[in-house]
Amino acid sequence: MTSTGLPAGDRFEWFSDLVTRKLAPIAIRQELSDPFEGDATVLDLGRVTVSTFTYTPLRSQRTPALIRQSDPEEYHLALLAQGTTWFSQQRTQSEQTVGDMVMWDTSRPFESGSPNNVQQIRAVVIQVPKSAVPLRPDRVERLLARRLAGNTGMGAVLAQFLGTVAAHGADFAPHELARLDGVALDLFAACAATHLDVVDELPGEARAEALLAQIDAFVDHNLADTALTPAAIAAHHHISVRRLHLLFRGREETVAASIRRRRLERCRADLARPELLGRPVHAIAARWGYPNAAVFSRAFRAAYGMSPTDFRGQAVHRWRTRDAK
């Protein structure tokens, strides 16, 4: 959904109405005199909604009157992907820059905006029913309007999840969206509990899902390490190898198979990148944890039905055909 095709005079009203329908009634005014630009994507996972909003600077306010008008009774959390913002709620105010997150309660008044020198803001917003969060409201209240780092710990895991869902939402099948709904709730709760230092208060299922998400992030970050094994993963997360395998039992692949698949996916993606054409196949394989070229070639052929060299050749043909048009 975008305002680009609308007359300049209608864009702000369109965006304001969209925010009211998708988030909650909010009083909005423009901060700049230039024509307003804004767009949004909204992905309904079930109980949870993940939206991306891109817009030129605004000043927003949710008043007691607007709360009485309509209240979804949700916690909203925004991951800032572009620009700078500030947020104020419950006598707390903070500023967010790229990579930061901020949470608010739709049942309480708030104000937010951006500095005058900001040209555009992009934020990914997750909406979670308060009734679905397994933490006491008075605890969660301590996080409202605070700057929450999105580059460390569970904050980084949640931020990575939100970024992936926002970027690839259209690619998910309905049954995948249903699973993502539960994952989103567990990661949101785990992130909040981690910042509050009350992780032990979470239900066992939520703790397990959060641990799996941390393990996934660790594996993705360490695929180049040839010493990445189930034993190494378990040791890093202070659990037994048996517990690690039990965590993966609900998935369609083992820990080792997950590592192999992710390495092959990274290699395949790099082999299809035009800017890496000058890098030898064996160098790409080594970059993602395959120091033995013959082992890599066999694994690649088994997964994709052709050799890495043939796959790259097909990619080169596609580039040249596309460029010739």
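Owing to the predicted nature of the structure, the values given are computational and were not obtained by experimental measurement.

### As for helix H9 (residues 255-271)
Okay, so step 1: For H9, with 17 residues, the first-to-last C-alpha span of 25 Å sits near the 24 Å given by 1.5 Å per residue.
Okay, so step 2: All buried positions along H9 are accounted for by Val255, Ala257, Ser258, Ile259, Arg262, Arg263, Leu264, Cys267, Asp270 and Leu271.

### Focus: helix H11 (residues 293-304)
Okay, so step 1: Counted at 1.5 Å a residue, the expected span for H11 with its 12 residues is 16 Å, and the 16 Å between its end C-alpha atoms agrees.
Okay, so step 2: Capping the start of H11 is the job of one residue whose side-chain oxygen sits 3.0 Å from the backbone nitrogen of Ala294: Asn292.
Okay, so step 3: Once H11 finishes, Gly305 follows within two positions and takes phi at roughly 75 degrees, a positive value.

### A few points about the layout of surface pockets
Okay, so step 1: Taken as a whole, the largest pocket holds about 1,200 Å³ of empty space.
Okay, so step 2: In terms of lining, the largest pocket is formed by 27 residues, of which the most central are Arg179, Leu180, Asp216, Arg251 and Arg261.
Okay, so step 3: Looking at the lining of the largest pocket, its residues break down into 10 nonpolar, 5 polar and 12 charged.
Okay, so step 4: Put simply, the second largest pocket is a space of about 190 Å³.
Okay, so step 5: Lining the second largest pocket are Met154, Ala190, Thr194, Val199, Leu202, Arg207, Ala210, Leu211 and Gln214.
Okay, so step 6: At the level of elements, helix H5 (174-196) and helix H6 (204-221) are the ones that each hand at least two residues to the lining of the second largest pocket.
Okay, so step 7: A total of 4 residues in the lining of the second largest pocket trace back to one element, the largest contributor, which is H6.
Okay, so step 8: When grouped by side-chain class, the residues that make up the lining of the second largest pocket number 6 nonpolar, 2 polar and 1 charged.

### Digging into the packing of aromatic side chains
Okay, so step 1: Within this structure, the stated rule accounts for 13 aromatic pairs.
Okay, so step 2: Consider the rings of Trp104 and Phe110, whose centres lie 5.9 Å apart with planes at 55 degrees: the pair is tilted.
Okay, so step 3: Taking relative accessible area as the criterion, Trp104 reaches 9% and is therefore assigned buried.
Okay, so step 4: Grouping aromatic residues by their ring pairs yields a cluster made of Phe12, Trp14, Phe15, Phe36, Phe53 and Tyr55.
Okay, so step 5: Note that Arg251 overlies the ring of Phe248, its terminal NZ or CZ placed 4.9 Å from the centroid.
Okay, so step 6: One residue, Arg268, lies across the ring of Tyr304, its end atom 4.9 Å from the ring centre.

### A word on the pattern of salt bridges
Okay, so step 1: Under the definition given, this model contains 21 salt bridges.
Okay, so step 2: For Asp105, the salt bridge identified is with Lys130, shortest N-O distance 3.0 Å. Of this pair, Asp105 sits in strand S8 (residues 100-105) while Lys130 is found in the loop between strand S10 (121-129) and helix H3 (137-140), placing the two residues 25 residues apart along the sequence.
Okay, so step 3: For Asp105, a relative accessible area of 5% puts it in the buried group.
Okay, so step 4: Across the pair Arg139 and Glu201 runs a salt bridge whose closest N-O atoms are separated by 2.8 Å. Note that Arg139 is positioned in helix H3 and Glu201 in the loop between H5 and H6, a separation of 62 residues in sequence.
Okay, so step 5: Under the relative-accessibility criterion, Arg139 is labelled buried at 17%.
Okay, so step 6: Residues joined in a network through salt bridges with shared partners are Asp216, Asp220, Arg251, Arg262 and Arg266.

### Details of the packing of helix H4 (residues 153-168) against H6
Two quantities define a packed helix pair, namely the angle between the axes and the distance from one axis to the other.
Okay, so step 1: Where H4 contacts H6, the axes come no closer than 10 Å and their chain directions differ by 80 degrees. As the angle between them shows, H4 and H6 are arranged roughly perpendicular. Residues Met154, Val157 and Gln160 of H4 lie in contact with H6, whose contacting residues are Ala210, Ala213, Gln214, Ala217 and Asp220.
Okay, so step 2: Within the contact of H4 with H6, the residues separate by chemical class into 5 nonpolar, 2 polar and 1 charged.

### Overview of unusual backbone geometry
Okay, so step 1: With a phi close to 55 degrees, Gln90 is a non-glycine residue in the positive phi region.
Okay, so step 2: Along the polypeptide, Gln90 turns up in the loop between strand S6 (85-89) and strand S7 (92-96).
Okay, so step 3: Positive phi outside glycine occurs at Ala145, with the angle close to 65 degrees.
Okay, so step 4: With respect to the helices and strands, the residue Ala145 is situated in the loop between H3 and strand S11 (148-149).

### Concerning the side chain of Asp105
Okay, so step 1: Side chain to side chain, Asp105 and Lys130 meet in a polar contact 3.0 Å long.
Okay, so step 2: In this view, Asp105 contacts Glu74, Tyr75, Gln89, Lys130 and Leu144; residues no more than four positions away in its chain are not counted.

### Regarding the environment of Trp86
Okay, so step 1: Structurally, Trp86 is set in strand S6.
Okay, so step 2: On the basis of relative accessibility, which here comes to 17%, the residue Trp86 falls in the buried class.
Okay, so step 3: Through-space distance from the C-alpha of Trp86 to that of Glu111 is 8.4 Å; in sequence the pair is 25 residues apart.
Okay, so step 4: Among all residues touching Trp86, those that are not within four sequence positions of it are Arg59, Gln93, Ser94, Glu95, Gln96, Glu111, Ser112, Gly113 and Ser114.

About the cut-offs
Residues numbered from 1 in each chain as written. Predicted model: local features only at pLDDT ≥ 70, side-chain atom pairs only at ≥ 80, totals over all residues. Heavy atoms only, no water. Helix = DSSP H or I, 4+ residues; strand = E, 2+ residues; numbered from the N terminus. Expected span 1.5 Å × (residues − 1). Buried < 20%, exposed > 50% of the residue type's maximum accessible area, 1.4 Å probe, protein only. Polar contact = N/O pair within 3.5 Å; in protein donor to acceptor, adjacent residues only side chain to side chain. 1 Å grid on protein atoms, 1.4 Å probe; cavity = no way out; pocket = protein on both sides within 12 Å on 5 of 7 lines; lining within 4 Å. Points joined across faces, edges and corners; volume = space filled by probe spheres on them. Nonpolar A, V, L, I, M, F, W, Y, C, P; charged D, E, K, R; others polar. Phe/Tyr/Trp six-rings, centres within 6.5 Å; stacked < 30°, edge-to-face > 60°. Lys NZ or Arg CZ within 6 Å of the ring centre and 35° of its normal. Salt bridge = Lys/Arg side-chain N within 4 Å of Asp/Glu carboxyl O. Axes fitted to C-alpha atoms, helices over the stretch in contact; angles between N-to-C directions. Parallel < 35°, antiparallel > 145°, perpendicular 65-115°, else oblique. Contact = heavy atoms within 4.5 Å.

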